[in-house]
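# Survey of secondary and tertiary structure
Here are the chains, one letter per residue:
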Amino acid sequence: MYATVRRYEGVTDPAEAGRRVSEGFVPLIRQVPGFVAYYWVDAGGGVMLSTSVYEDQAGAEESTRRAEQFVRDDLASLLPNPPHVTAGEVVASG
């Protein structure tokens, strides 16, 4: 499995960002082959995190590509800063 974590800082409206992600982005990434799980987290203080889990690296990379496009097209006013992206192979889970 592969996971990608994206950290967004300076989020202007976390509630609206969450609504748009839930209604618009989640359906898009569920269609990516190898989808396992997705989480969108409000960490407070204008920080939001997303975690995507896929069966393979190709799915994780496609998720990142779709996230970049969705943010550009639908969330740019709410997520004004580029995310910090960390990705890699899952080596333990519970």
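Here, the structure is the one placed above.
Predicted model only: the values in this text are computed from it and were never measured.

## A word on the environment of Glu-55
- Here Glu-55 lies in the loop between β3 (47-54) and α2 (57-75).
- Distance from Glu-55 to Ala-15, taken between C-alpha atoms, is 30 Å for residues 40 residues apart in sequence.
- In this structure, Glu-55 is in contact with Met-1, Tyr-2, Gly-34 and Val-36, ignoring residues within four places of it in sequence.

## Thoughts on the sheet that holds strand β1 (residues 2-9)
- Taken together, the four strands give an open sheet; going across it, the order is β2-β3-β1-β4, and neighbouring strands pair in antiparallel fashion. Each having just a single partner strand, β2 (35-44) and β4 (84-89) make up the two edges of the open sheet. Neighbour to neighbour, the strand axes of the sheet diverge by 10° on average, direction disregarded.
- Relative to β4, β1 runs antiparallel, the two being bridged by six bridges. Across the sheet, Arg-7 pairs through a bridge with His-84, a residue of β4.
- Of the strands in this sheet, β1 and β3 are in contact with α2, which crosses β1 at around 20°.

## With respect to the nonpolar core
- Core analysis: the biggest nonpolar cluster contains 18 residues, and Tyr-8, Val-11, Val-21, Phe-25, Tyr-38, Leu-75 and Leu-79 have the highest contact counts within it.
- Those residues in contact with Val-21 that sit more than four places away from it in its chain are Val-26, Pro-27, Tyr-38, Trp-40, Phe-70 and Leu-75.

## Overview of the pattern of salt bridges
- Tallied over the entire structure, the rule returns six salt bridges.
- A salt bridge links Arg-7 to Glu-9; its shortest N-O distance comes to 2.8 Å.
- Using a relative accessible area of 33% as the deciding quantity, one classes Glu-9 as partly exposed.
- Among the charged side chains, a network of salt bridges with common partners joins Glu-16, Arg-19, Arg-20 and Glu-23.

## Overview of the packing of aromatic side chains
- Inspection of the entire model under this criterion finds four aromatic pairs.
- Summarising the aromatic geometry, the rings of Tyr-8 and Trp-40 are spaced 5.6 Å apart at their centres and angled 50° between planes, so their arrangement reads as tilted. On the criterion of sequence distance, the pair formed by Tyr-8 in strand β1 and Trp-40 in strand β2 is long-range, its members being 32 residues apart.
- Overall, the relative accessible area of 4% leaves Tyr-8 in the buried class.
- In textbook terms, an aromatic cluster arises when at least three aromatic residues are bridged by ring pairs, as seen for Phe-25, Tyr-38 and Phe-70.

## A word on the environment of Val-47
- With respect to the element layout, Val-47 can be found in strand β3.
- Under the relative-accessibility criterion, Val-47 is labelled buried at 11%.
- Spatially, the C-alpha atom of Val-47 lies 23 Å from that of Glu-61, the residues being 14 residues apart in sequence.
- In this view, Val-47 contacts Arg-7, Tyr-8, Glu-9, Val-41 and Asp-42; residues no more than four positions away in its chain are not counted.

Criteria and cut-off values
- Residues numbered from 1 in each chain as written.
- Predicted model: local features only at pLDDT ≥ 70, side-chain atom pairs only at ≥ 80, totals over all residues.
- Heavy atoms only, no water.
- Helix = DSSP H or I, 4+ residues; strand = E, 2+ residues; numbered from the N terminus.
- Contact = heavy atoms within 4.5 Å.
- Pairing = 2+ DSSP bridges.
- Axes fitted to C-alpha atoms, helices over the stretch in contact; angles between N-to-C directions.
- Core = buried A, V, L, I, M, F, W, Y, C linked by side-chain atoms within 4.5 Å.
- Buried < 20%, exposed > 50% of the residue type's maximum accessible area, 1.4 Å probe, protein only.
- Salt bridge = Lys/Arg side-chain N within 4 Å of Asp/Glu carboxyl O.
- Phe/Tyr/Trp six-rings, centres within 6.5 Å; stacked < 30°, edge-to-face > 60°.

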